[in-house]
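If you want the building blocks of each chain, they are given just below.
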Amino acid sequence: MSVTASTRVTAVRRRLAPALRFLRRSPASVTLAAFVLVVAIADGSIVRVPVLAQVPPSSAPHHPLEIFRLWAGVFVTRSAPGLLLGLAALLILLAVVERVMGTAWTVLAFVVTSLVGVTTGVALQSLGVLTHPFWTTPEDGAPAAGLSTPIVGALLAASAFTGPLWRRRIRLLGLSGCVIVLLYSGQPGDLYRLLAALCGLVLGLLLARRRPVLEWPRSSHHEARSLLAALVAVSALGPFVAVLVPRGYGLLRPLGLLFRDPLPRLGALRAACRLLHPAASCARDIALARLNGPGAVLLSVLPLLVLLAAAIGMWRGRRLAALVAIAVNVLLAVLAGLYYGFLPALLDPDELLTRTGSTGPDTRTFLAVGVPAAVAVAVLVQLRHFDVLPTRRAARRFLVATVGALVATAVLYLALGLLLRAQFSPHVGLPDLLGDLPERYVPVGFLRFRRLDFQPTTAASKGLYDWIGPVAWLVVLVGVVLTGVSRADAHTADRVERLRVVLHRGSSGSLGHMGLWPGNRVWFSADGRHAVAYREVNAVALTVGEPAGPPEGALEAARAFALYCDDEGLTPAFYAVRPSFADALGNGPEWASMPIGEDTVLHPASFSMKGKRWQDVRSSINRAERAGVSALWTTWDECSLPIRSQITAISEAWVAERRLPELGFTLGGLDELRDPEVRLLLAVGPEDRVEAATSWLPTYRDGAVIGWTLEFMRRRPDGMNGVMEFLIASMALRSQEEGVEFVSLSVAPLAVSGDEETAEELPAVLASLARILEPAYGFRSLAAFKEKFQPTLQPLVLAYPDPISLPAIGVAVARAYLPDLSLPDVVRLAGALR
């Protein structure tokens, strides 16, 4: 073989290598995709209705042949777009399942979940549980069980093999999506898909040999926000399903159709009515047709768009967006109850444009009210996770714009309506306009169930009639969008950026960068050279370390901050400051201090790992080298999406294991990693597998980094032993090469070394909190772990002006670290202590 031919063969192999690697890892997914493609070509479903759909169904839905026909529809697609989506789902989603579960379990889950889903669905119908005749035999005879049925079942089965993060995501989004589609669409395939998902959930537990636990695993604030935002988005997309699906029998489908423009077209109705005897129903439909137009269509979807915009804002942590989602869902629940329960039960049937067939509340009523109400309650209960609060000015601006739009459009409608009263049929007065005003703001679908007392007859009156509601909803939508995409608090953000500039000039201690975290307020000295970051908790101003800025003038700035607190009715408390700073702070005997922890500091200039006491650390480095694990120095923005996903999964697994809320104040989480100045040091193994992750906060002097402080520290539960020792030693060596002055392993809060007398100096509240949290969070264990690096211990104290205020300060520290402690968390804390 010539050199040229050999080069070509090598190039072809290189191009085919990813495909061959994918084929080796996902043989079942590729085989099933090929089989579906062959069936589509042989069956002709790419260009016409599939042959299977033309086979007449058996007379008995529970007949074995009918069950086989329904199950065989799993491999049949109805169109070319459906085929492309099915192949993509097989090659992406099912391939992921195969990598998680293995080929054998994937094939088993694919077959078993689809069979159980179809068989159980048909059995329920034959037993009379599902009485609608179309649940098992669609009108067009098309295959009911689609390709999504076994894929969803396999996904739910694979969730048992994943960590807490993806297990929670797959189950919440998968099951809620199946339920929403079933309620709003109600096709037979929707029922089979939900049953297959439930079957996959059970099958996964059996295959993974997991005992079912009826407890929702603890999640971080970031993950809780993401899940709630996804839940709101899924509930908002439900009505779109009812609008897009041509026919269905879901219990909430009528509610979804209320967001559809159901009004007939005037031209078609006039042609049809000429052939019929003039009747009241024909005249009524013609009246409804005159209301059709762009305004009616826009009003139908704007509430759902507001919910989707609120979901985006919730994902960003905006509390105002969460409150909007609660309000809109409550409104939908009220409207559903008004139509399904109140109107049919209390009004005379002649008052309704469309006969509902119901004389009062039924299952449909409770579901129509319960689903949006449940979403609203879920968001309300977890409202504490949305900690990005708007400023008073921003909240006032949003409230004024919303209420102002409602008031302005209402006044405009009443005023112009009176001026144009002759352009309505019949002529209207103020009572008529007032009675009709609320209906201008609800989706036009509700008009099919209310008698029209009058209608516009000219372009001017029709424009007024149609566009009052859309304009008000558009104002709400724009406000929610701006809330979701804009900076949470422009005023606070500007002060944080000013604090960042001050920190670059210099700061004392290792906690200064924590002042940039959300939840802190910032005070600046009169000359702007110093700043104090603090948290206001129970009328206590709890600072994050010493004032930021150059050492010269720091004490004067601290005293000025104390005077500011006195003017504002706050008690100043300087948390985690040096004893020398606390001693020099007071001008009189009223200032006191107490130990709250110790900073563990390494000095890279003299750092060495020689000697027997460093044997464990050296062994960890050697173990990492043998395993192919290296230290990656990067930032969150520089990380690839797979690396970020692994860091998130590792962190969520750590949070779920504790079963307790994340601590705040001087202990950060995933949200704090996104700061561009925060560096990450990751332990990355073969195939970019992240074994552990740490984050490091900078300390500056004159714009140059002079120190790094360890903050975020997470390791994979099944990761390499000694990986944290490897990362910390790597950081010390890196800092030694770069000439950094110090590396802080951070402060273990409420962990004071020394004798019992020293530990008893903590106030009663903090001492009790330290004892309770120790079994769950292991502060003393963490401090003992850091001892193996032979650090220099620098004591830190809490400085306060008046001993009488110490109990209140103790409560403030406890609330700063555990701001979201609830009654169930107290029970878990007690269990951890026991």
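Above this text you will find the structure in question.
Rules used in this analysis
- Residues numbered from 1 in each chain as written.
- Predicted model: local features only at pLDDT ≥ 70, side-chain atom pairs only at ≥ 80, totals over all residues.
- Heavy atoms only, no water.
- Helix = DSSP H or I, 4+ residues; strand = E, 2+ residues; numbered from the N terminus.
- Buried < 20%, exposed > 50% of the residue type's maximum accessible area, 1.4 Å probe, protein only.
- Contact = heavy atoms within 4.5 Å.
- Areas by Shrake-Rupley, 256 points an atom, 1.4 Å probe, with all protein chains shown as cover.
- Patch = residues over 30% accessible without salt bridge, like charges linked within 9 Å, V, L, I, M, F, W, Y side chains within 5 Å.
- Salt bridge = Lys/Arg side-chain N within 4 Å of Asp/Glu carboxyl O.
- Pairing = 2+ DSSP bridges.
- Axes fitted to C-alpha atoms, helices over the stretch in contact; angles between N-to-C directions.
- Core = buried A, V, L, I, M, F, W, Y, C linked by side-chain atoms within 4.5 Å.
- Phe/Tyr/Trp six-rings, centres within 6.5 Å; stacked < 30°, edge-to-face > 60°.
- Lys NZ or Arg CZ within 6 Å of the ring centre and 35° of its normal.

**Re the overall build of the chain**
So, point 1. A count of helices and strands for the chain gives 30 helices and 13 strands.
So, point 2. Burial analysis of the chain (834 residues in total) assigns 52% to the buried set.
So, point 3. In the chain, the share of contacts with a sequence separation of at least 24, taken over all contacts with a separation of at least 6, comes to 77%.
So, point 4. Summed over its atoms, the accessible surface of the chain is roughly 38500 Å², and 63% of this surface lies on carbon and sulfur atoms.

**Details of a nonpolar patch on the surface**
So, point 1. Residues Leu-399, Val-403, Leu-406, Val-407 and Val-411 make up a contiguous nonpolar surface patch of roughly 430 Å² in combined accessible area.
So, point 2. Residue placement: Val-403 occurs in helix α17 (residues 392-419).

**Digging into the sheet that holds strand β6 (residues 571-577)**
So, point 1. One open sheet accounts for eleven strands, arranged β3-β4-β5-β6-β13-β7-β12-β11-β10-β9-β8; its pairing is mixed. Two strands close off the open sheet at either side, each with one partner strand: β3 (521-524) and β8 (630-634). Across the sheet, the axes of successive neighbouring strands diverge by a mean angle of 30 degrees, strand direction being ignored.
So, point 2. The pairing of strand β7 (residues 592-602) with strand β12 (residues 742-747) spans three bridges and is antiparallel. Paired with Leu-602 across the two strands is Val-743, which belongs to β12.
So, point 3. Here helix α21 (residues 554-567) sits on the sheet and contacts β3, β4 (531-537), β5 (540-543) and β6; the angle it forms with β6, its principal contact strand, is near 145 degrees.
So, point 4. Contacts from helix α25 (residues 723-738) reach β7, β8, β9 (679-684), β10 (690-701), β11 (704-715) and β12 within the one sheet, and its direction differs from that of β10 by about 35 degrees.

**Some remarks on the pattern of salt bridges**
Pairs may arise between side chains of opposite charge once their charged atoms sit close together.
So, point 1. Following the criterion strictly, the structure yields 17 salt bridges and no others.
So, point 2. Arg-193 is paired through a salt bridge with Asp-190; the nearest N and O atoms lie 3.0 Å apart. Of this pair, Arg-193 and Asp-190 both sit in helix α9 (residues 188-208), three residues apart, which is roughly one turn of that helix. For the pair Arg-193 and Asp-190, a shared accessibility class is recorded, and that class is buried.
So, point 3. Within the structure, one salt-bridge network assembled from shared partners comprises Glu-497, Arg-500, Asp-675 and Glu-677.

**Quick notes on the nonpolar core**
So, point 1. Formed by 45 residues in total, the largest nonpolar core has its most connected members in Val-232, Val-306, Met-314, Tyr-413 and Val-480.
So, point 2. Those elements that place two or more of their residues in this core are α10 (221-244), α14 (294-315), α15 (319-346), α16 (363-381), α17 and α19 (459-485).
So, point 3. When residues no more than four places from it in sequence are discounted, the contact partners of Val-480 are Val-306, Ala-309, Ala-310, Val-324 and Phe-398.
So, point 4. Listed in part, the 30 residues of the second largest apolar core include Phe-607, Ala-692, Val-723 and Ala-729.

**Some points on the pairing of β7**
So, point 1. Most of β7 sits out of view: nine of its eleven residues are buried.
So, point 2. Bridge analysis of β7 against strand β13 (residues 792-800) gives nine bridges, and the strand direction is antiparallel. In the strand pairing of β13, Glu-598 is matched with Pro-795.

**So, the environment of Leu-203**
So, point 1. Tracing the backbone shows Leu-203 in helix α9.
So, point 2. Linking Leu-203 and Leu-108, residues 95 residues apart in sequence, is a C-alpha distance of 9.5 Å.
So, point 3. Among all residues touching Leu-203, those that are not within four sequence positions of it are Ala-109, Val-112 and Thr-113.

**Description of the side chain of Ser-235**
So, point 1. As for its position among the elements, Ser-235 is in helix α10.
So, point 2. When residues no more than four places from it in sequence are discounted, the contact partners of Ser-235 are Ile-180, Asn-329 and Val-375.

**Brief notes about the packing of aromatic side chains**
So, point 1. If you walk through the whole model with that rule in mind, you get eleven aromatic pairs.
So, point 2. Judged by centre distance (6.5 Å) and plane angle (35 degrees), the rings of Trp-523 and Tyr-564 are tilted. Here the residue Trp-523 occupies a position in strand β3, and Tyr-564 occupies one in helix α21, the gap between them amounting to 41 residues.
So, point 3. Classification of Tyr-564 as partly exposed rests on a relative accessible area of 28%.
So, point 4. What links up through ring pairs into an aromatic cluster is the set Trp-523, Tyr-534, Phe-561, Tyr-564, Phe-574, Phe-581 and Trp-591.
So, point 5. One residue, Arg-169, lies across the ring of Trp-166, its end atom 4.8 Å from the ring centre.
So, point 6. If you follow Arg-440 out to its NZ or CZ, it ends over the ring of Tyr-465, 3.8 Å from the centre.

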